[in-house]
Amino acid sequence: MGVSAQQDEDFMLLALQQAKLAAELGEVPVGAVVVYENSIIARAHNQQITTQNPTAHAEVLVLEQAAQVVENYRLPGCTLYVTLEPCLMCVGAMVHARIERLVYGAADPKTGMAGTVDNLFEQPYHNHRISYDGGIMAEKCGQLLQDFFKARRLAKKSIRSE
């Protein structure tokens, strides 16, 4: 595939832009982009609260958009960039979509399924293998999440103290 570290960072910056849009909506700030042949074909951010849909994770939404663009539910040759290590549901969606590669930012110590809590990409029962790289711009991705949850905790604290 031949993607450079700089290209990974450039695409992750665009995923971070999506995460910031999620934060502005009060959503957990996770953003994702799908890249095919060095071009972004889809962008999305978390929208579970906005849509009242528990499956509206950035990864699921961006896969849906990419599938519409290529007019195929399978996405061979595509790379998904996401600011947070994906959960169980999102890894399953990636496997079913047959993406070629995953690149994620911050590790998720609670639900990360690309090596932190478990590693579903290494399980022998999957009929599709996805290459993956984590920790790309992890500090920036993680800081956005930390700042969001800190602000949320402070807001709850101020409401309680009123």
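Provided above is the structure to which this section pertains.
This one's a predicted model, so the numbers in the text were calculated from it and none came from an experiment.

*Asks:* Looking at this structure, I do not really get unusual backbone geometry. What am I missing?
*Replies:* Here the phi dihedral of Q52 falls at roughly 55°; this positive angle occurs in a residue that is not glycine. Following the sequence through the fold, Q52 ends up in the loop between α2 (48-51) and α3 (58-70). In the Ramachandran plot, R98 falls in the positive-phi region, its phi being about 65° despite a non-glycine side chain. Along the chain, R98 turns up in the loop between α4 (88-97) and β4 (101-106). Judged by its relative accessible area of 16%, R98 falls in the buried class.

*Asks:* Could you clarify how one ought to interpret helix α1 (residues 5-24) in this entry?
*Replies:* Taking 1.5 Å per residue as the helical rise, α1 with its 20 residues ought to reach 28 Å, and the 29 Å between its terminal C-alpha atoms agrees with that figure. Along α1, the residues that are buried comprise D8, F11, M12, A15, L16, Q18, A19 and A22. Angular distribution of buried residues about the axis of α1 spans 165°; they occupy a single face of the element. The first or second residue beyond α1 is G26, which carries a positive phi of 85°.

*Asks:* Would you mind showing me how to read the pattern of salt bridges here?
*Replies:* Where charged atoms of side chains with opposite charge meet at close range, the side chains can pair. Counted by the stated rule, this structure contains two salt bridges. R101 is the partner of D8 in a salt bridge, and the nearest nitrogen-oxygen pair spans 2.7 Å. A residue pair is termed long-range when its members are at least 10 positions apart, and D8 in helix α1 and R101 in strand β4 qualify at 93 residues. No difference in accessibility class separates D8 from R101, as the two residues are buried. With a closest N to O distance of 2.8 Å, R101 and D133 form a salt bridge. With R101 in strand β4 and D133 in strand β5 (residues 131-133), this pair connects stretches of sequence that are 32 residues apart. On the basis of relative accessibility, which here comes to 9%, the residue R101 falls in the buried class. With relative accessibility at 33%, the residue D133 sits in the partly exposed group. Salt bridges sharing partners connect three or more residues here, namely D8, R101 and D133.

Thresholds, definitions, all that
Residues numbered from 1 in each chain as written. Predicted model: local features only at pLDDT ≥ 70, side-chain atom pairs only at ≥ 80, totals over all residues. Heavy atoms only, no water. Helix = DSSP H or I, 4+ residues; strand = E, 2+ residues; numbered from the N terminus. Buried < 20%, exposed > 50% of the residue type's maximum accessible area, 1.4 Å probe, protein only. Expected span 1.5 Å × (residues − 1). Arc of directions from axis to C-beta. Salt bridge = Lys/Arg side-chain N within 4 Å of Asp/Glu carboxyl O.

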